[in-house]
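# Structural features, examined
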Amino acid sequence: MMRNWLLQRRLDLKLTQEDVATNADIARTTYASIEQGLRNPSVPVAKRIGAVLEFNWTIFFEDKCHESCNVNSA
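Residues numbered from 1 in each chain as written. Predicted model: local features only at pLDDT ≥ 70, side-chain atom pairs only at ≥ 80, totals over all residues. Heavy atoms only, no water.

With that settled, the discussion passes to the overall build of the protein. Assigned secondary structure in the protein consists of four helices and zero strands. Order of helices (α) and strands (β) in the protein, N terminus to C terminus: α-α-α-α. Across the 74 residues of the protein, 38% fall into the buried class. Pairs at least 24 residues apart make up 50% of the contacts formed inside the protein by residues separated by at least 6 positions. In the structure as shown, the protein presents an accessible area of about 4500 Å², 49% of it carried by carbon and sulfur atoms. (Helix = DSSP H or I, 4+ residues; strand = E, 2+ residues; numbered from the N terminus. Buried < 20%, exposed > 50% of the residue type's maximum accessible area, 1.4 Å probe, protein only. Contact = heavy atoms within 4.5 Å. Areas by Shrake-Rupley, 256 points an atom, 1.4 Å probe, with all protein chains shown as cover.)

Attention now moves to the environment of Gln-17. Within the secondary structure, Gln-17 sits in helix H2 (residues 17-24). A relative accessible area of 16% places Gln-17 in the buried class. Remark: the alpha-carbon pair of Gln-17 and Thr-30, spanning 13 residues in sequence, is separated by 9.7 Å. Setting aside residues up to four positions removed in sequence, Gln-17 forms contacts with Arg-10, Arg-28, Tyr-31, Ala-32 and Glu-35.

Leu-6, Ile-26, Tyr-31, Ile-49, Leu-53, Phe-55 and Phe-60 are the most contacted members of the largest nonpolar core, which has 16 residues in total. Elements supplying a minimum of two residues to this core: helix H1 (4-12), H2, helix H3 (28-35) and helix H4 (43-53). Looking at this core element by element, the count peaks at five residues for H4. (Core = buried A, V, L, I, M, F, W, Y, C linked by side-chain atoms within 4.5 Å.)

Residue-level pLDDT values for the protein average 88, and 84% of them are 70 or greater. Within the protein, no element has a lower average pLDDT than H1, which sits at 96, and none a higher one than H2, at 98. (pLDDT = per-residue confidence, 0-100.)

A separate point is unusual backbone geometry. Among all residues except glycine, the phi angle is most often negative; among peptide bonds, the trans geometry is most common. The phi dihedral of Lys-14 is positive, around 55°, even though this residue is not glycine. Summarising the element assignment, Lys-14 is placed in the loop between H1 and H2. Note on Lys-14: relative accessible area 72%, which makes it exposed.

For the rest of this paragraph, the subject is the packing of H1 against H3. Working note: a packed helix pair is described by the angle between its axes plus the distance between those axes. Viewed as axis vectors pointing N to C, H1 and H3 meet at an angle of 125°, and their least axial separation amounts to 8 Å. Here H1 is positioned oblique relative to H3, judged by the angle of their axes. In this structure, H1 uses Leu-6, Leu-7 and Arg-10 to contact H3, whose residues at the interface are Tyr-31, Ile-34 and Glu-35. Tallied by class, the residues present in the contact of H1 with H3 amount to four nonpolar, no polar and two charged. (Axes fitted to C-alpha atoms, helices over the stretch in contact; angles between N-to-C directions. Parallel < 35°, antiparallel > 145°, perpendicular 65-115°, else oblique. Nonpolar A, V, L, I, M, F, W, Y, C, P; charged D, E, K, R; others polar.)

Below you can see the structure in the form of structure tokens.
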């Protein structure tokens, strides 16, 4: 299940997957898997991604996060 909200946030900030991964200190392939919904981030990784993309990292752990999630509520 693709995390379209995460992709959109990255694109809104004009960042590449490599930019996010480098700034969050993770591998680009790891970030790509998280963005594609193939894996979930650990709490420390979620916090770093949230800091890079300027959103509340807890959104990764909400039970029913969907396309209408408000990523600007950092």
